[in-house]
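Chains, contacts and geometry: an overview
One letter stands for each residue in the lines below.
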Amino acid sequence: MNPILYIKNANQVVTVSGASVKPKKGKEMAELGLIEHGGIVIGGDRILFAGPDEEAQAFVNDLTEEPIVIDATGKLVTPGLIDAHTHLVFAGSREKELEMRLQGATYIEILEAGGGILYSTTQTRQASEEQLFEESKKRLDRFLQYGVTTLEAKSGYGLTISDELKQLRAARKLNESHAIDIVSTFMGAHAVPLEYKSDPEAYIKIVIEQMLPAVAEQKLAVFCDVFCEHGVFTVDQSERILEAGKKLGLIPKIHADEIVTFGGAELAAKVGAISADHLLKASDEGIARMAEAGVIAVLLPGTAFFLMEEPADARKMIEAGVPVALATDRNPGSCPTESLPLIMNFACLNMKMTPAEVLTASTINAAHAIGLAKEIGSIEAGKKADLVIYDAPNYLFIQYNFGVNLVDTVIKNGKVVVGGNDRD
Ligand code: NIG
Ligand code: FE
């Protein structure tokens, strides 16, 4: 059993409370449930109390056990950050493509020439499960330093049944052994592998008839994702794959309208996807349908930045009533960073989301996008004790002092996992 922790006298606590059942949309996204001079009491892996510090002190006084006190005077506390879209598990890296893109090659041209996702697929196929585990663990360690306490991880660099299962097993082992919690997504439809280039339907048949049943049977994923994009998987192919996944209990997600306007947002609404992700080129109609169907937009402004593209129109989506979440899209090609706080800076500065909306999008709305909002994403009694303490006086400061790591202490499941060495 973890000792009782008392986070004392934080300058500001961002609770993002009151939205565990439905994600925040429209103006609600700016409501953070702020507590000035707040105190939080943690017992086991749960939050026992969060409120004004005098009340927290009184709560602690009534306990029989002496708590460990973490003095947060002058500091900001938020829920643990949640990364709702990553491609965590892969082998190798693709720094050479950066140079190619700077010389004018496009992302899709590189993919069509057998590079891009297909290059990472070759590397991942050659790697053992242990190697994938070790390479991905390094990335997870970095995520934790940046305050990420839960993340979603997709397969999609194996593209054979055994290599897809190998990626998902590596993710499961990481979930079991690392402080960060991982929720897995099967993404066998990330690209058509080279050996099926002339017959993509034959590959889709394998995804539907072999990969999906094996993933479901071995309970290796909660979600099923598809790269629905011109030159990758059509809307019709994506729909068939997602519907097949649904029949096996896998919840749909879509890489939608990233490079061209393609109908991905509309498809997300049609199949009842929990989220549609990217959406740089989503149509007005698609956005309206997402709002109606309650599909969460997972926006990835780090990918737009790294691919030197205009980011998604977050303001239009928020105004249309689409709940917005943020994520890194950590992958070897289009967004090689573990810094979710930097992505939050991009959301603010490049997509004009307000600092309050940005925090909602990377906590409770991100939790909804991965189906975990009852457990995580806000600071409320009864929820998991996943918290970040920052060397910053308030939530505006973490957008203002951008591009540096302001994380001071990370608490995951009620345990200090980053920092805290100098505390008593
Ligand atoms: O979300 N867009 C498709 N897939 C990934 C990129 C994967 C890669 O380039 O390796 C993405 O950006
Ligand atoms: Fe992605």
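For the structure given in this document, a descriptive report is provided here.

**Comments concerning the overall build of the protein chain**
Looking only at helices and strands, the protein chain features 16 helices and 16 strands. At 21 Å, the protein chain has a C-alpha radius of gyration in line with the 22 Å of a compact globule built from 424 residues. Taking the principal axes of its C-alpha atoms as reference, the protein chain extends roughly 70 × 45 × 45 Å. Every one of the 424 residues in the protein chain was classed for burial, and the buried ones make up 59%. When contacts within the protein chain are restricted to residue pairs at least 6 apart in sequence, those whose partners lie at least 24 apart make up 73%. Total accessible area on the protein chain is roughly 16200 Å²; 53% of this is exposed by carbon and sulfur atoms.

**Section: the coordination of the iron ion (ligand 2)**
A metal bound by six donors in octahedral fashion has ideal angles of 90 or 180 degrees, whereas one bound by four tetrahedral donors has an ideal angle of 109.5 degrees. For the iron ion (ligand 2), the protein coordination sphere consists of His85 (NE2), His87 (NE2), His255 (NE2) and Asp329 (OD), at 2.1 to 2.2 Å. Motif for the iron ion (ligand 2), donor spacing along one chain: H-x1-H-x167-H-x73-D. Of the two residues, histidine 87 sits in the loop between strand E6 (81–83) and helix H2 (95–102) while aspartate 329 sits in the loop between strand E13 (324–326) and helix H13 (340–351), which places them 242 residues apart along the sequence. Given a relative accessible area of 2%, histidine 87 falls into the buried group. For aspartate 329, a relative accessible area of 1% translates into the label buried.

**Examining helix H5 (residues 129–145)**
Over its 17 residues, H5 extends 24 Å from the first C-alpha to the last, a length consistent with the 24 Å expected when each residue adds 1.5 Å. A positive backbone phi angle near 90° is found at glycine 147, which sits one or two residues after H5.

**Considerations on the sheet that holds strand E11 (residues 275–278)**
A sheet is described by the order of its strands in space; here 8 strands give the open sequence E6-E7-E8-E9-E10-E11-E12-E13, paired in parallel fashion. Strands at the two margins of the open sheet, each flanked by one partner only, are E6 and E13. Each strand axis lies, on average, 25° off the axis of its neighbour in the sheet, ignoring direction. Bridge count for strand E7 (residues 148–154) against strand E8 (residues 181–189) is 5 bridges, and the pairing is parallel. Residue pairing across strands places threonine 150 opposite aspartate 181, the latter belonging to E8. Sitting on the sheet, H5 is in contact with E6, E7 and E8, with an inclination near 140° to E7.

**Remarks on the side chain of threonine 303**
As for its placement among the helices and strands, threonine 303 is situated in helix H11 (residues 301–306). Residues in contact with threonine 303, not counting those within four places in the same chain, are Glu258, His278, Thr328, Asp329, Ser334 and Cys335.

**A word on the pairing of strand E12 (residues 296–299)**
In E12, alternate side chains face the same way, and those of Ile296 and Val298 on one face and Ala297 and Leu299 on the other are all buried. By the bridge criterion, 3 bridges tie E11 to E12 in an arrangement that is parallel. Opposite alanine 276, over in E12, you have alanine 297 as the bridge partner. With helix H10 (residues 284–293) bridging E11 and its parallel neighbour E12, the resulting β-α-β unit is right-handed. For E12 and E13, the ladder comprises 3 bridges, and the chain directions are parallel. Within the sheet, the bridge partner assigned to valine 298 lies in E13 and is alanine 325.

**So, helix H8 (residues 235–247)**
An ideal rise of 1.5 Å per residue puts 18 Å on 13 residues; H8 measures up with 18 Å between its terminal C-alpha atoms. At the C-terminal side of H8, glycine 249 shows a positive phi close to 90°.

**Side note on the site of ligand 1**
Taken together, 16 residues are adjacent to ligand 1, and Arg94, Tyr107, Tyr157, Glu258 and Ser334 come closest. Contact distances for ligand 1 include 2.9 Å between an oxygen atom and a side-chain N or O atom of histidine 278. When the residues that make up the shell around ligand 1 are grouped by side-chain class, the tally is 5 nonpolar, 8 polar and 3 charged.

What counts, and at which threshold
Numbering of residues starts from 1 in every chain and runs along the sequence as written. Starting at A for chains and at 1 for ligands, labels are handed out in the order in which the entities are written. Per-residue local features are limited, in this predicted model, to residues with pLDDT of at least 70; the limit for side-chain atom pairs, both in listing and counting, is 80 or more; totals at the level of whole chains, interfaces and linings are taken over all residues. As a rule here, side-chain values cover all heavy atoms of the structure and leave hydrogens and water aside. Counting from the N terminus, the helices are DSSP H or I runs at least four residues long and the strands are E runs at least two residues long. Taken over C-alpha atoms, the radius of gyration is set against a globule rule of 2.2 Å times the number of residues to the power 0.38. Only protein chains enter the area calculation, which uses a 1.4 Å probe; residues under 20% of their type maximum are buried, those over 50% are exposed, and those in between are partly exposed. Any two residues having at least one pair of non-hydrogen atoms within 4.5 Å are treated as being in contact. Methods summary: accessible areas were calculated by the Shrake-Rupley approach with a probe of 1.4 Å, and residue burial reflects only the protein chains presented. Each metal's donors are the N, O and S atoms found within 2.8 Å of it, except that Na, K and Ca use a 3.2 Å limit; water is left out, so coordination can look incomplete. Here a helix's expected span is defined as the number of its residues, less one, multiplied by 1.5 Å. Two strands qualify as a pair provided that DSSP identifies no fewer than 2 bridges between them. Axes here mean lines fitted to C-alpha atoms, for a helix over just the part in contact, with angles spanning 0 to 180 degrees between N-to-C directions. The handedness rule is simple: strands pointing away from the viewer, and a clockwise path from the first strand over the helix to the second, make the crossover right-handed. Residue proximity to a molecule or strand is established when one non-hydrogen atom of the residue lies within 4 Å of it. As used in this structure description, the phrase polar contact means that two N or O atoms lie within 3.5 Å; if the pair is within protein, one of them must be able to donate a hydrogen and the other to accept it, and residues adjacent in sequence are counted only when both atoms belong to side chains. Any residue that is not Ala, Val, Leu, Ile, Met, Phe, Trp, Tyr, Cys, Pro, Asp, Glu, Lys or Arg is counted as polar, Gly included; the first ten are nonpolar and the last four charged.

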